[in-house]
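This is what each chain is made of:
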Amino acid sequence: MYINFWYPIATSDEVNNKKPFRAQVLGAYFVAFRDDAGGAHVLSDVCIHRGGALGKGWVRDNTVVCPYHGWRFGGDGQCTHIPSLVDEQDKPPARAKVDSYPVQEKYGIVFAFLGDLPESERPPLLEVEEYEQDGWRANNLTVFEVNAFYERSMENGLDPSHNEFVHPAQGGPVVPDLRKHPPVVEDNPWGSRFLVTFANPLENKPELMTAKHLVSDVTAGSGHVGPNGMITWIKLSADSMFSQYFFEAPVNESLTRIFFVSMRTFMLEPEMDDRLTKLNLLIAQEDIDILEELDPVRTPDSNNEEVLVPSDGGVIHYRKYLAGWRARGWRIDLKTLRAERGDRAYAIPSPARRTSRNWVLKSVPLLSS
Amino acid sequence: VRLPSLGPDAKIPDRTRVDAYPVEERYGLVHVFLGDLSEAERPPIFSAPEYDDPDWQFIALNLEWKIDYKRSVENTMDPAHNEFTHPTHGFMGAKADYTCDEIVLEDTEWGTGFMNAMKSPPLPQREMREGSGREGDGITYAGSGNHGPNVTWTHIHISDQAWFHGVAFHTPVHEKLDRMYGIFGRNFMQDSKYDKTFEDRSLYVAEQDRNVLEPMEPIRSPRRNAHEFLLPADKAIKRYREYCQDWEDNGWRLDINKIRADKDEIAYAIPSPVRRRTKGWVMPAVPLLKGNKPAVKAVG
């Protein structure tokens with residue numbers, strides 16, 4: 001798990017100005033709430049007084065109120081009110097603050113930048129290019145949880161050779177084509193992508209297709225932006241395409257919450273939304289059944305502990321990017337975190353830590369660069 | 001006394017024994033002394049003379065929460081949480097003049113405690129309002145304290161004549177589970193027909209605490225106060241932590257990290273007083289953090 005990327009925290013519907021929303025991401029807890037102007041805020045959830053969960057409290061006057069002793073925190077993370085201070089004139093001290101994270105709200109999702117990079121250095125959020133574009137329809141946002149480590153889920157999406165076996169109802173014989181034409185992976189500053197061609201997986205699902213969409217070869221591919229943003233493209237013909245975006249939140253070492261945005265250029269009738277969601281979830285369940293049993297839970301640190309072949313090109317590139325981010329000192333030290341679990345609460349460092357000192361919670365331990 | 005596989009007449013080896021601990025029954029509970037101190041050195045069981053007073057009526061309540069027991073002890077000794085965690089007791093910060101009075105601690109050999117005044121809303125049940133003689137808002141004199149690491153007392157005086165006194169005996173089942181044996185007494189509405197009323201109210205209030213305590217991070221209180229933000233209202237908690245530090249300095253604190261590392265490999269026993277006098281025990285004594293005081297000389 002890596003700091004300094006954008007992570008989905010909640011759906012827009014889950015965040016309001018009455019009841020805060022509590023989420024675990026990267027093993028740490030966060031609280032999301034709205035101010036009265038509608039702006040969303042994401043803060044570290046641990047009250048720095050005595051460890052209360054802000055996300056179990058309530059929202060009042062643009063602040064989140066701790067349910068334990070009523071301390072209030074503004075969207076910037078600064079404590080604005082400590083009820084038990086004896087003198088009414090007493091201002092909460094400067095050290096009474098929690099981390100507050102940059103927020104972007106898009107596609108019905110509240111994203112937070114979980115890291116301390118200044119704005120100019122931050123990686124971009126994976127962009128849904130087709131969103132609100134002519135000819136494209138967005139299906140309803142779908143959120144689901146998988147009892148697996150998010151990198152296993154990401155690698156599954158970057159792996160064209162599993163389809164034939166894990167998704168027999170969808171996949172034609174793909175592997176022979178892949179042997180001839182292994183994926184050619186294109187590298188970008190924050191991720192990589194590839195396209196492959198194989199037999200139409202929907203050929204035996206005529207009820208989903210009109211005749212003009214049926215072609216025997218389809219182009220498909222996938223890519224990632226950052227460690228946790230994934231896209232898959234399926235081009236069944238020039239005018240029938242899916243672009244599917246997976247914004248993955250590593251809840252902890254063994255649980256992943258996936259925010260799924262699916263775009264399409266055909267079957268545009270609104271009543272197709274639910275049918276396609278159902279189909280997508282059925283396909284996802286086939287992946288989940290495999291992913292939840294993988295051993296070890298987390299991808300091995302060295303590729304020598306697996307046997308990788310040319311069709312794993314997408315996975316190999318993804319791991320190279322992860323190694324690059326680790327070299328920058330962004331990878332969370334899970335072993336230290338695990339050893340101290342229950343004894344110490346850590347915070348993911350926010351950008352304000354670069355400019356001010358004196359934070360109550362220690363910054364999460366990172367593997368040295 | 002009998003080891004079937006050796007046959008009926010075999011001599012049973014000396015080493016064949018398990019630890020046995022001093023036991024005392026009080027307040028309807030079986031208390032066990034888990035440790036190896038000689039009788040003269042042992043902390044006493046918390047004294048609650050009201051329990052045997054005919055003017056007092058007690059109920060017993062047992063609860064199990066998924067928390068570290070110290071979080072619950074500190075919660076009891078925290079006067080500032082009532083206003084927010086318990087809408088039954090406080091005003092959720094709605095009154096602009098809310099503050100927490102200065103705490104004046106009174107120490108005993110085995111703990112600390114305090115009493116102070118709190119503004120409280122009217123009691124919810126009509127019969128409690130009548131029984132206590134307090135109709136509307138009022139000042140409640142309340143306080144709490146600890147006795148040893150795992151026992152707390154709470155006194156709530158809702159009027160001059162209507163008092164609640166409660167004692168909670170915490171058993172840390174393990175690092176993340178606390179079993180609390182509580183006895184809660186009152187010197188008004190003593191008729192046992194009111195027991196259910198008091199039980200319902202106590203359970204209702206306890207549930208408010210559980211909702212705040214179970215999600216706390218980290219599960220165990222930080223080892224250093226600098227990792228939290230303590231205020232004057234947290235004075236009793238600070239003092240409680242000093243007592244705990246003192247017991248740790250005695251070499252009495254379990255080495256949780258070592259126990260965790262050896263889990264599934266070694267079964268440890270809490271040493272019983274007999275270990276001071278005899279050797280040759282099968283199970284090793286539980287690992288303890290090294291104290292920094294000269295060892296207390298074994299007596300006898």
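Details of the structure are given in the entry above.
Presented here is an overview of the structure given in this document. Remember, it's a predicted structure, so these values are computed and weren't measured experimentally.

1. Here's the deal with the nonpolar core
As a rule of thumb, soluble globular proteins bury nonpolar side chains together.
All names here are of chain A.
For step 1, the next point in the chain: I48, W71, F73, L114, F247, I332 and I348 are the most contacted members of the largest nonpolar core, which totals 97 residues.
For step 2, the next point in the chain: When residues in this core are grouped by element, the largest group, six residues, is from strand β11 (residues 109–114).
For step 3, the next point in the chain: By size, the runner-up hydrophobic cluster in this structure holds 13 residues, among which are V185, A220, F242 and L276.

2. Thoughts on the packing of helix α1 (residues 150–157) of chain A against helix α5 (residues 313–327) of chain A
All names here are of chain A.
For step 1, the next point in the chain: Relative to each other, α1 and α5 sit at 140°, their axes nearing to 9 Å. With respect to their mutual orientation, α1 and α5 come out oblique. For the element pair α1 and α5, the recorded crossing hand is right-handed. Counting all contacts with α1, which are made through Y150, E151, M154 and E155, the residues of α5 involved are V315, Y318, R319 and L322.
For step 2, the next point in the chain: Taken together, the residues that form the contact of α1 with α5 break down as five nonpolar, no polar and three charged.

3. Looking at the sheet that holds strand β9 (residues 100–101) of chain A
Residues and elements named next belong to chain A.
For step 1, the next point in the chain: Taken together, the four strands give an open sheet; going across it, the order is β2-β3-β4-β9, and neighbouring strands pair in antiparallel fashion. Edge positions in the sheet fall to β2 (21–25) and β9, since each of these pairs with one other strand and no more.
For step 2, the next point in the chain: As defined by bridge partners, strand β3 (residues 28–34) adjoins strand β4 (residues 40–44) across five bridges and the pair is classed as antiparallel. Counterpart to F33 in the pairing with β4 is H41.

4. So, a nonpolar patch on the surface
For step 1, the next point in the chain: Where nonpolar side chains cluster on the molecular surface, the patch consists of V23, V30, V32 and L34 of chain B and spans about 380 Å² of accessible area.
For step 2, the next point in the chain: Relative to the assigned elements, V30 of chain B resides in strand β2 (residues 29–32).

5. Let's talk about the interface of chain A and chain B
Interface size is often expressed as the accessible area that is lost when the parts come together.
For step 1, the next point in the chain: Listed as interface residues are 35 residues of chain A and, on the opposing side, 36 residues of chain B.
For step 2, the next point in the chain: Each partner contributes to the roughly 2,900 Å² buried at the junction of chain A and chain B, and carbon and sulfur atoms together form 58% of this total.
For step 3, the next point in the chain: For the chain A face of the interface with chain B, the top three residues by lost area are R50, Y68 and D343 of chain A, together amounting to 24%.
For step 4, the next point in the chain: Joining chain A to chain B, the criterion identifies four salt bridges.
For step 5, the next point in the chain: Between D234 of chain B and R50 of chain A there is a salt bridge, and its shortest N-O distance comes to 3.5 Å.
For step 6, the next point in the chain: Viewed at the interface, chain B and chain A are joined by 17 residue pairs in polar contact (both at pLDDT 80 or more).

Analysis parameters
- Residues numbered from 1 in each chain as written.
- Chains lettered and ligands numbered in written order.
- Predicted model: local features only at pLDDT ≥ 70, side-chain atom pairs only at ≥ 80, totals over all residues.
- Heavy atoms only, no water.
- Core = buried A, V, L, I, M, F, W, Y, C linked by side-chain atoms within 4.5 Å.
- Buried < 20%, exposed > 50% of the residue type's maximum accessible area, 1.4 Å probe, protein only.
- Helix = DSSP H or I, 4+ residues; strand = E, 2+ residues; numbered from the N terminus.
- Axes fitted to C-alpha atoms, helices over the stretch in contact; angles between N-to-C directions.
- Parallel < 35°, antiparallel > 145°, perpendicular 65-115°, else oblique.
- Left-handed = near helix turned anticlockwise from the far one by under 90°.
- Contact = heavy atoms within 4.5 Å.
- Nonpolar A, V, L, I, M, F, W, Y, C, P; charged D, E, K, R; others polar.
- Pairing = 2+ DSSP bridges.
- Patch = residues over 30% accessible without salt bridge, like charges linked within 9 Å, V, L, I, M, F, W, Y side chains within 5 Å.
- Areas by Shrake-Rupley, 256 points an atom, 1.4 Å probe, with all protein chains shown as cover.
- Salt bridge = Lys/Arg side-chain N within 4 Å of Asp/Glu carboxyl O.
- Buried area = accessible area lost by both parts, 1.4 Å probe.
- Polar contact = N/O pair within 3.5 Å; in protein donor to acceptor, adjacent residues only side chain to side chain.

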